[in-house]
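A closer look at the structure
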Amino acid sequence: MIAAPDRTPLTRDFFDRPVLEVAPDLLGRTLVRRGPDGPIALRLTEVEAYDGANDPGSHAFRGETRRNRVMFGPPGHVYVYFTYGMWHCLNFVCGPPGRASGVLLRAGEVTEGVELARKRRESARHDKELAKGPARLATALAVDRALDGTDACGPADSPLAILRGTPVPADQVRSGPRTGVSGDGAVHPWRFWIADDPTVSPYRPHTPRRRSA
C-alpha cells in the first residue's frame, strides 16, 4: 500500500539553504494554492535553480530592481514574474536575505482540484498537461503578480503553501541544462526532474528571437 503524501508544511529552514540543495529536494513536494474558487494541490515534478549573482541566467545577476526585489528578501517567499507579455512564472526564494537565489517551478501533477485546473487550462488535452511547463503551472493555479512576495511558510490561511509530500529518492532525480537559458548560464545542469514522469516538460534550448525587418 502506497502511503499518502505527508501534509506537514515545510519550514523556512528548508529554504534557507543553498539553492542547489533546495531545488532537487523540492521534487515530490506538494504545492497548495488556496483561492476563492477552492484549493488546488500539485506534486512538483520539475524545477530549475537560479543562483543570483553567481548565475548569468538569474534575474538577480545584475543586482536588485523593483521587479526582483522579493528575491533579495527572506527565504520561503514567492517571486512571481511576468514574461513575454503573456505568462506568469512562480519561484521560491532560497538562502539568506540578500543572496537572491531561487527555484523556478517548471511542472507538476495536479492531485487535488483537477476540475478547477481543467477550467483554467481548457486547452490541455490530458490531465498530465495541466501544469506541464512553468506558464501552464501558473495558469492552473491562478498565479499572477498579486502573489509576488507571498510567504509560503507563513500563516495557515496563506494563498500558497508547500507541504512535505513524498520526497523523491536520489536515484529517480535527473538533471540537465535549463530550458531557454542563453550565454554562460546555459552550461549549468541546474534543471531537475523526476525520471520518466509524464508531467515533465520537454527540454528546449535557447532560440534567439529574430527582429522583424
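Worth saying up front: this structure is predicted, and the values here are computed from it rather than measured. (Residues numbered from 1 in each chain as written. Predicted model: local features only at pLDDT ≥ 70, side-chain atom pairs only at ≥ 80, totals over all residues. Heavy atoms only, no water.)

1. A short note on the overall build of the protein chain
Across its full length, the protein chain carries 4 helices and 9 strands. Over its C-alpha atoms the protein chain spans a radius of gyration of 16 Å, differing by no more than 12% from the 17 Å that the globule rule assigns to 213 residues. Taken along the three principal axes of its C-alpha coordinates, the protein chain extends 50 × 40 × 40 Å. Buried residues in the protein chain amount to 49% of all 213 residues. Taking the intrachain contacts of the protein chain between residues at least 6 apart in sequence as the baseline, contacts between residues at least 24 apart amount to 62%. Accessible area of the protein chain: about 11,000 Å², with a carbon and sulfur share of 52%. Placing the 30 positive and 25 negative side-chain charges of the protein chain at their respective mean positions leaves the two points 6 Å apart. (Helix = DSSP H or I, 4+ residues; strand = E, 2+ residues; numbered from the N terminus. Rg over C-alpha atoms; globule rule 2.2 N^0.38 Å. Buried < 20%, exposed > 50% of the residue type's maximum accessible area, 1.4 Å probe, protein only. Contact = heavy atoms within 4.5 Å. Areas by Shrake-Rupley, 256 points an atom, 1.4 Å probe, with all protein chains shown as cover. Lys, Arg positive; Asp, Glu negative; His and termini not counted. Charge placed at Lys NZ, Arg CZ, Asp CG, Glu CD.)

2. What about the pattern of salt bridges?
Scanning the model with the defined rule gives 18 salt bridges in all. Aspartate 151 is paired through a salt bridge with arginine 12; the nearest N and O atoms lie 2.8 Å apart. On the criterion of sequence distance, the pair formed by aspartate 151 in the loop between α4 (134-140) and β7 (160-165) and arginine 12 in helix α1 (residues 12-15) is long-range, its members being 139 residues apart. Of the charged contacts, one joins aspartate 25 and arginine 17 as a salt bridge, the two residues approaching to 3.0 Å between their closest N and O atoms. (Salt bridge = Lys/Arg side-chain N within 4 Å of Asp/Glu carboxyl O.)

3. So, the state of the cysteines
This model, assessed by the stated rule, comprises 0 disulfides. Cysteine cysteine 89 remains unbridged, with the sulfur of cysteine 94 as its closest cysteine sulfur at 16 Å. A relative accessible area of 5% places cysteine 89 in the buried class. Left unpaired, cysteine 153 is separated from the closest cysteine sulfur, that of cysteine 94, by 9.9 Å. With a relative accessible area of 18%, cysteine 153 lands in the buried category. (Disulfide = S-S within 2.5 Å.)

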